[in-house]
Structure formats: C-alpha cells, structure tokens
Amino acid sequence: MTEPRNPSMSSIPQTGPAHTDSPAVEMDPVEYTLRKRLPRKLPKRRNDVYVNMKTDFRAQLARCQKLLEGGGHREICVHGLGLAINRAINIALQLQASSQGALQLAANTSTVELVDDLEPEDPDEAGEPMTRTRNNSAIHIKVFYPDAQ
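Quick caveat, the model's predicted, so the values are computed rather than measured. (Residues numbered from 1 in each chain as written. Predicted model: local features only at pLDDT ≥ 70, side-chain atom pairs only at ≥ 80, totals over all residues. Heavy atoms only, no water.)

**A look at the packing of helix α1 (residues 57-69) against helix α2 (residues 85-98)**
Direction vectors running N to C along α1 and α2 enclose 50°, while the axes themselves pass 10 Å from each other. Judged by the inter-axis angle, α1 sits oblique to α2. By crossing handedness, the relation of α1 to α2 is classed as right-handed. Here Phe57, Gln60, Leu61, Cys64, Gln65 and Leu68 of α1 lie close against α2, whose contacting residues are Arg87, Asn90, Ile91, Gln94, Leu95 and Ser98. For the contact of α1 with α2, the residue count by class is 6 nonpolar, 5 polar and 1 charged. (Axes fitted to C-alpha atoms, helices over the stretch in contact; angles between N-to-C directions. Helix = DSSP H or I, 4+ residues; strand = E, 2+ residues; numbered from the N terminus. Parallel < 35°, antiparallel > 145°, perpendicular 65-115°, else oblique. Left-handed = near helix turned anticlockwise from the far one by under 90°. Contact = heavy atoms within 4.5 Å. Nonpolar A, V, L, I, M, F, W, Y, C, P; charged D, E, K, R; others polar.)

Shown next as structure tokens:
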C-alpha cells in the first residue's frame, strides 16, 4: 500500500518572492505565467557545439563534421541539456561511426541549475514576481582524434 503524500512535496515548487528572504509561499499556477530563463552557458569556444532540439539533426551533425574535417580542430566538445542529451549522444556516435573508429569519445555528465521567473497574470492584483530554481541534467562529450604514438 502507498503512504499518504507529504504536502510539502507537491508538484508545484513553493518559493517566496524574488527579492526577499521570506519563507516558502503556496503558489497558484493559474495566477502566474512561467518564463524560463536561458541556461548559463559555458564559455563559447570555436570548437564548442551546443545541441538543441529545434535545429535539424543533420545540420548539427554537418556542423560538427565541418569543424573536425575542415575547421582544423582535432577535437570538439558537444554539449546537450535536458531533452537534447540523447541528440548530443547520437551526434557523437554518428561522428565516431563515420570516421571508421578514428575518433574517440570522452563523456562527462553534470547537473545545471536553471532559474524560472513566475510573473503574475494580473499586475493590478497583489501578486509578487517570484523565481523558481530547478535542476536539469547535462552532458559534455569530447570528440577527438587520439594522438599518434
């Protein structure tokens, strides 16, 4: 049998106003609009590729191939966040397969803290703008030619 659900573990995060240190407050999702901020990116280098789900897979794969073959880079770093993790892995594996095993992969995973803004639907009412933090998984795959020894 299942235990009763703890009310403090509701599916809607409970946070206070953005600019005060008050305790957690219950939020009504009907009264607020969720605005997701862009994630903090790592420093952008010429050989970094940030994979997303909006751009065509073949275009992202072609960009990686161009960097490795024509761009003069011996390694690239493919970054994926959340839903794009699978796509980043697929791109890295496609690159390795198309090179007949000449490329090697080194993957690192991490957790990225994301911030969402909750803005009141009706600014005339007493709703304060709030922020909510959440965690999302990320992957960073180094695709490189090993040093010939």
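So that's the structure; there's more coming.
**Here's the deal with the nonpolar core**
Counting 18 residues, the largest nonpolar core has Val51, Cys64, Ile76, Val78, Leu95, Ile141 and Val143 as the members making the most contacts within it. Those elements that place two or more of their residues in this core are β2 (48-51), α1, β3 (75-81), α2 and β5 (130-144). The element best represented in this core is α2, accounting for 5 residues. If near-sequence neighbours (up to four positions away) are discounted, isoleucine 76 is found in contact with Asn47, Cys64, Leu67, Leu68, Leu95, Ile141, Lys142 and Val143. (Core = buried A, V, L, I, M, F, W, Y, C linked by side-chain atoms within 4.5 Å. Buried < 20%, exposed > 50% of the residue type's maximum accessible area, 1.4 Å probe, protein only.)

**A closer look at α1**
In a regular helix each residue adds 1.5 Å, so 13 residues correspond to 18 Å; α1 covers 18 Å between its end C-alpha atoms and thus fits that length. When we look at burial in α1, the residues that qualify are Gln60, Leu61, Cys64, Leu67 and Leu68. For α1, the angular spread of the buried residues around the axis is 125°, confining them to a single face. Along α1, exposed side chains directed more than 90 degrees from the buried face belong to Arg58, Lys66 and Glu69. (Expected span 1.5 Å × (residues − 1). Arc of directions from axis to C-beta.)

**Observations concerning the sheet that holds β5**
Reading across the sheet, the 5 strands line up as β1-β4-β5-β3-β2 and stay open at both edges, with mixed pairing between neighbours. Looking at the sheet topology across the chains shown, the edges are occupied by β1 (32-36) and β2. Geometrically, the sheet is characterised by an average inter-axis angle of 25° between neighbouring strands, direction not taken into account. Direction of pairing for β3 relative to β5: antiparallel, over a ladder of 7 bridges. Within the sheet, the bridge partner assigned to isoleucine 76 lies in β5 and is valine 143. Along the sheet, α2 makes contact with β2, β3, β4 (104-120) and β5, crossing β5 at roughly 5°. (Pairing = 2+ DSSP bridges.)

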